[in-house]
Amino acid sequence: MKKKIGLVSLGCPKNLVDSEIMLGQLTKEKFEITSDEKEAHIIIVNTCGFIDSAKEESINTILEMAKFKNNSCEVLIVTGCLAQRYKDEIIKEMPEVDAVIGTGEYGEIAKVVQNVYNGKTKSYTDLNDSDNIKYLNQERVLSTRNGYAYLKIAEGCNNCCTYCIIPSLRGAYRSRKIEDIKNEAIYLAKEGVKEVILIAQDVTSYGKDIYGGKKLVNLIREISEIDEIEWIRLLYCYPEEIDDALIEEILSNDKVVKYLDIPIQHASDNILKKMGRRGTSSDIKDVLEKLKTKIPQIAIRTSLIVGFPGEDEKDFETLYDFVKENEFDRLGVFTYSREEGTAAYNLKPQIKSSDKELRRAEIMQLQKEIVLKKNKNRLNKVYKTLIEGVSDDGIFYYGRTYKEAPDIDGFVYFTSIEPLDFGKFVNVKVLNIDEYDLIGEVVHESSQ
């Protein structure tokens, strides 16, 4: 009997790529994939351990999956960032877990499963900075079958942000070779992918470690040569690494969508310094102004942290005013999470949870007003839209324009007289808005 594998992937798109690689290795070893945990003989939970809410979700998911060990589940394996960070605690406190592996050996997942069946339980593979980038070159099983896929171009991080645990969980920044990334992009194109989303902890630093300088533009040009790929999206770009060469490439390359995710985190120089960020508020403003001047149609997403230790009312007002002035197209706000092992853990004064939540709510309300204003400006305009699916009511298709990244931004809901295929492009005219989402219809007019 074939053993069936069920995998739950938590956290960011980078984690999703790791999950897809594990599934690729397991199917290569003749395991069968199932989306129904009730029938899985082996369940893998690929965890996130970035902040408290992610850790809580990971732990709850592990416990939920452990219940299936009373049914068909024979093996429960925990992988990913939580496993890397709390391997000993998981082994000690969760006897239902048969194996724990960290972020270093995703490519060895089939061997780990076999070890468990051979009685070698609680195995653990640790982080190995020099070699573990190789697993990214192994085959994947795509979980996104609607025209887009994430493509991880590097692992780890060299930025020393004081609030962040990622470097200790993922290691130093390690770029993949251009030829390896392009080969994977060719594979994705053959699988029907139209939009390739380049991801890393910081895509703008790509190449510095192995080529002696930034090579993101070179990589983009190589991927642009693949005919089947129509969109290339960039996540995540650190503001201090966005240079004129990259801006020019985004402007002149028709395949690069005019959308950037630029995590600025704050706008007060006082807080930016405490966070260990390299740039100043003025530097961030200059980059934003340059992007908007050179590429007027560009959509910019950012992420912010409120309630960082020492953030006073003046710091928060500076951040609020910065958001109001710059009118980001997309914005996410996190309340500061105090993480053991980070430089900011012992900083004082810590901000009360209630104050953090109030500050978050204030900026999100401001952002809601900004998005409403921007969406009104999109009425009666036509956008090239990637079809992703059909809504539950069966009336509307839904998809994304260049202004929306998957999983984090809204959708465009639209009607069509003719039936449509998922993973294809159509032109959609925006007729109405519903907060963060748009509503329209397929037209045969030229698009933006």
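These remarks concern the structure in this document. Predicted, not measured: the structure shown is a model, and the values here were computed from it.

### Considering helix H2 (residues 52–66)
Here is step 1: Compared with an ideal rise of 1.5 Å per residue, which puts 15 residues at 21 Å, H2 spans 21 Å between its outermost C-alpha atoms and is within 8% of the ideal.
Here is step 2: Along H2, the positions that sit buried rather than exposed are Ala54, Lys55, Ser58, Thr61, Ile62, Met65 and Ala66. Along the axis of H2, the buried positions cluster into a sector of 140°, meaning they face one direction only.
Here is step 3: For H2, the elements touching its buried residues are strand S1 (4–9), strand S3 (42–47), strand S4 (75–80) and helix H3 (81–85).

### Description of the side chain of Lys255
Here is step 1: Position of Lys255 among the secondary structure elements: in the loop between helix H10 (244–252) and strand S11 (256–261).
Here is step 2: Notably, Lys255 is buried but unbridged: the nearest opposite-charge side chain belongs to Asp227, and the N-O separation is 5.0 Å.
Here is step 3: Look past the residues within four positions of Lys255 in its chain and what remains in contact with it is Ser224, Ile226, Asp227, Ile229, Glu230, Trp231 and Ile232.

### Focus on the packing of helix H13 (residues 313–326) against helix H14 (residues 353–376)
Here is step 1: Following both chains from N to C, one finds H13 and H14 inclined at 15°, their axes separated by 10 Å at the closest point. As the angle between them shows, H13 and H14 are arranged roughly parallel. The crossing of H13 and H14 is right-handed. On H14, the residues that touch Glu313, Phe316, Leu319, Tyr320, Val323 and Lys324 of H13 are Arg359, Glu362, Ile363, Leu366, Gln367 and Ile370.
Here is step 2: Residue classes in the contact of H13 with H14 are distributed as 7 nonpolar, 1 polar and 4 charged.

### A short note on the packing of aromatic side chains
Here is step 1: If you walk through the whole model with that rule in mind, you get 12 aromatic pairs.
Here is step 2: Seen from their ring centres, Tyr398 and Phe411 are 4.8 Å apart, and the 65° between their planes marks the pair as edge-to-face. Of this pair, Tyr398 sits in strand S15 (residues 397–400) while Phe411 sits in the loop between S15 and strand S16 (412–415), and the two are 13 residues apart along the sequence.
Here is step 3: Its relative accessible area of 25% is what places Phe411 among the partly exposed residues.
Here is step 4: One Lys or Arg, Arg233, reaches over the ring of Tyr259 and ends 4.7 Å from the middle of that ring.
Here is step 5: In this structure, Lys384 is placed above the aromatic ring of Phe425, and the distance from its NZ or CZ to the ring centre is 4.4 Å.

### Quick notes on the packing of helix H12 (residues 281–294) against H13
Describing two packed helices takes the angle between their axes plus the distance from one axis to the other.
Here is step 1: Their axes nearest at 12 Å, the elements H12 and H13 cross at an angle of 10°. Classified by the interaxial angle, the pair formed by H12 and H13 is roughly parallel. Where H12 approaches H13, its residues Ser281, Ile284, Lys285, Leu288 and Lys292 are matched on the opposing element by Phe322, Glu325 and Asn326.
Here is step 2: Residue composition of the contact of H12 with H13, grouped by class: 3 nonpolar, 2 polar and 3 charged.

### Digging into a negative patch on the surface
Here is step 1: A cluster of like negative charges, contributed by Asp88, Glu89, Glu93 and Glu340, occupies part of the molecular surface.
Here is step 2: You can see Glu340 is positioned in the loop between strand S13 (330–335) and H14.
Here is step 3: With relative accessibility at 48%, the residue Glu340 sits in the partly exposed group.

### Some remarks on the environment of Gly310
Here is step 1: Among the structural elements, Gly310 can be located in the loop between strand S12 (299–306) and H13.
Here is step 2: As for Gly310 and Glu418, which are separated by 108 residues in sequence, their C-alpha atoms are 57 Å apart.
Here is step 3: With sequence-adjacent residues up to four places away left out, Gly310 is seen in contact with Asn270, Ile271, Lys274, Asp315, Pro349 and Ile351.

The rules behind each value
Residues numbered from 1 in each chain as written. Predicted model: local features only at pLDDT ≥ 70, side-chain atom pairs only at ≥ 80, totals over all residues. Heavy atoms only, no water. Helix = DSSP H or I, 4+ residues; strand = E, 2+ residues; numbered from the N terminus. Expected span 1.5 Å × (residues − 1). Buried < 20%, exposed > 50% of the residue type's maximum accessible area, 1.4 Å probe, protein only. Arc of directions from axis to C-beta. Contact = heavy atoms within 4.5 Å. Lys, Arg positive; Asp, Glu negative; His and termini not counted. Salt bridge = Lys/Arg side-chain N within 4 Å of Asp/Glu carboxyl O. Axes fitted to C-alpha atoms, helices over the stretch in contact; angles between N-to-C directions. Parallel < 35°, antiparallel > 145°, perpendicular 65-115°, else oblique. Left-handed = near helix turned anticlockwise from the far one by under 90°. Nonpolar A, V, L, I, M, F, W, Y, C, P; charged D, E, K, R; others polar. Phe/Tyr/Trp six-rings, centres within 6.5 Å; stacked < 30°, edge-to-face > 60°. Lys NZ or Arg CZ within 6 Å of the ring centre and 35° of its normal. Patch = residues over 30% accessible without salt bridge, like charges linked within 9 Å, V, L, I, M, F, W, Y side chains within 5 Å. Areas by Shrake-Rupley, 256 points an atom, 1.4 Å probe, with all protein chains shown as cover. Charge placed at Lys NZ, Arg CZ, Asp CG, Glu CD.

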